[in-house]
Amino acid sequence: MFKCFSRKSKVVEAEPPADIRDVFARYSGGGSNMTVDQFRLFLAEHQGEEGVAAAEDAERIVKEAMMQSKDTDRSSPSQGGGQIMEICLDEFFGFLLSSDLNGPIHCKVHHDMTAQLSHYFIYTGHNSYLTGNQLSSDCSDAPIIRALQRGVRVIELDLWPNSAKDDIHVLHGRTLTSPVTLIKCLKSIKEFAFVKSPYPVIITLEDHLTPELQAKVAEMVTEIFGDLLHYPGGEGLVEFPSPESLKNKIIISTKPPKEYLESKNSKDKGLISVLEKNTSNEEKDALLDYEYDYKSDGDQDCDESSSPNRKGPEYKRLITIQAGKPKGSLKDALRNADNKVKRLSLSEQELEKLAASHGTDLVRFTQKNILRIYPKGTRVTSTNYRPNIGWMHGAQMVAFNMQ
């Protein structure tokens, strides 16, 4: 009922397709082999690889391609120069498919990076120091390092006094999260800031410190980062610098100290009225979640007896991206009457409502200023940063982690 038989099968290797044969013929001058000079021209003109177009690099690649050849008569180029260094069509085709000799194209920035900073989406982290959830996990510099290694360009640090009130801890306030020292986080940021991308790293400080500890933060930041730190000084910027001009620089984003006490325990009535108008019962939870996010952004719990004038200028002058709650109505804030660039934080649901009710003002605001958007339903999360968060703008769409 069964019949046994044997059959020899021959593996047929893929032959170079027509377009590859045409390219080879063009650069080999119609010959059967391509010389080193002809191959160098192919690399420079056809593949645009200027970095490997030098004769010595082309010769090295040709030699390795010949050594990988199955033709034993050609696989061992003469070290004495007696053998002509050139490759045939099959070796050329093998080079094109080789991950070692002709690996995938490296991702690199090809956009115009000379516009002001507010014209770009930025790969942004949130609570970058958490190893797990926001209620009981440990705080560490390890998640910060991992985020920077993956190209995140914004690191958020929540700053609180230690129990002795003489040093600064990084932790999620009023929770059971264990702290990590600020100095450890800053040193790790310096070490890993530019391993993935040369474009600027922004440190967002959500600070709950006394004036004395703010001065200590300024001392730490300037001492650790040194020339890497970019700051404008003075009373603030009227236009953000470009990512190109900020390459390999670290900048600080937080709320100017003199505004801390002015905004403590205050609510923006114009903003809340926009939120509550036409809000259904199903949206109430999202609204409350928004108010917590918005209030916590820069809501410093410093000593109420401290005078705003006591907050040292050495801390304020380090702030490149100034955050702040809007004064008056939200529409007035979007009009940016003081003409100074700033950062405004909104929830994702608020952004949707705002786009519908004040779309023109929103677009105009984002051409010059920065919006930081909180995503929906992420108050408790097991991730230490969120790649879906970005700073919004009205022009280009470029991620700083591209390289």
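The structure reproduced in this document is the subject of the present report. (Residues numbered from 1 in each chain as written. Predicted model: local features only at pLDDT ≥ 70, side-chain atom pairs only at ≥ 80, totals over all residues. Heavy atoms only, no water.)

Our focus in this paragraph is helix α1 (residues 18-27). Those residues of α1 that sit buried are I20, V23, F24 and Y27. Projected down its long axis, α1 carries its buried residues within an arc of 100 degrees, all on one side. Facing away from the buried side of α1 by more than 90 degrees, the exposed set consists of D22 and R26. Of the surrounding elements, those touching the buried residues of α1 are β1 (33-35), α2 (36-45), β2 (86-88) and α4 (89-97). G29, located one to two residues past α1, shows a positive phi value of around 70 degrees. (Buried < 20%, exposed > 50% of the residue type's maximum accessible area, 1.4 Å probe, protein only. Helix = DSSP H or I, 4+ residues; strand = E, 2+ residues; numbered from the N terminus. Arc of directions from axis to C-beta. Contact = heavy atoms within 4.5 Å.)

To continue, consider the nonpolar core. Core analysis: the biggest nonpolar cluster contains 39 residues, and L157 and I189 have the highest contact counts within it. Those elements that provide at least two residues to this core are α5 (142-149), β3 (154-161), β4 (168-170), α6 (182-192), β6 (201-207), α7 (211-225) and β7 (250-254). A per-element tally of this core places α7 first, with 7 residues. Filtering out sequence-adjacent residues up to four positions away, L157 remains in contact with Y129, I144, V170, L182, C185, L186, I189, I203, T204, L205 and E206. (Core = buried A, V, L, I, M, F, W, Y, C linked by side-chain atoms within 4.5 Å.)

Once that is clear, we can look at the pattern of salt bridges. According to the stated counting rule, one finds 5 salt bridges in the structure shown. Two residues, K216 and D167, come together in a salt bridge whose shortest N-O distance is 3.7 Å. With a gap of 49 residues between them, K216 in helix α7 and D167 in the loop between β3 and β4 connect regions that are remote in the sequence. Looking at K216, the relative accessible area reads 28%, which means it is partly exposed. For D167, a relative accessible area of 22% gives the class partly exposed. A salt bridge links R364 to D361, with the nearest nitrogen and oxygen atoms 3.0 Å apart. Placement of both R364 and D361 in helix α14 (residues 359-366) is noted, with a separation of 3 residues, approximately one turn of the helix. (Salt bridge = Lys/Arg side-chain N within 4 Å of Asp/Glu carboxyl O.)

Let us look at the environment of K165. Position of K165 relative to the elements: it lies in the loop between β3 and β4. Along the primary structure K165 and L213 are separated by 48 residues, whereas in three dimensions their C-alpha atoms are 8.1 Å apart.

Right, let's get into the pairing of strand β10 (residues 370-374). Along β10, 5 of the 5 residues are buried, which leaves the element largely enclosed by surrounding structure. The alternating pattern of β10 places I370, R372 and Y374 and L371 and I373 on opposite faces, both of which are buried. Relative to β10, strand β9 (residues 343-347) runs parallel, the two sharing 5 bridges. Following the sheet pairing, R343 is matched in β10 by I370. (Pairing = 2+ DSSP bridges.)

In this section: the sheet that holds β3. Here 6 strands make up an open sheet; going across it, the order is β5-β4-β3-β6-β7-β8 and the pairing mixed. Every interior strand has two partners, whereas the edge strands, β5 (180-181) and β8 (319-322), have only one. Here β4 pairs with β5 via 2 bridges, running antiparallel. Within the sheet, the bridge partner assigned to H169 lies in β5 and is T181. Here α7 sits on the sheet and contacts β3, β4, β6 and β7; the angle it forms with β4, its principal contact strand, is near 75 degrees. (Axes fitted to C-alpha atoms, helices over the stretch in contact; angles between N-to-C directions.)

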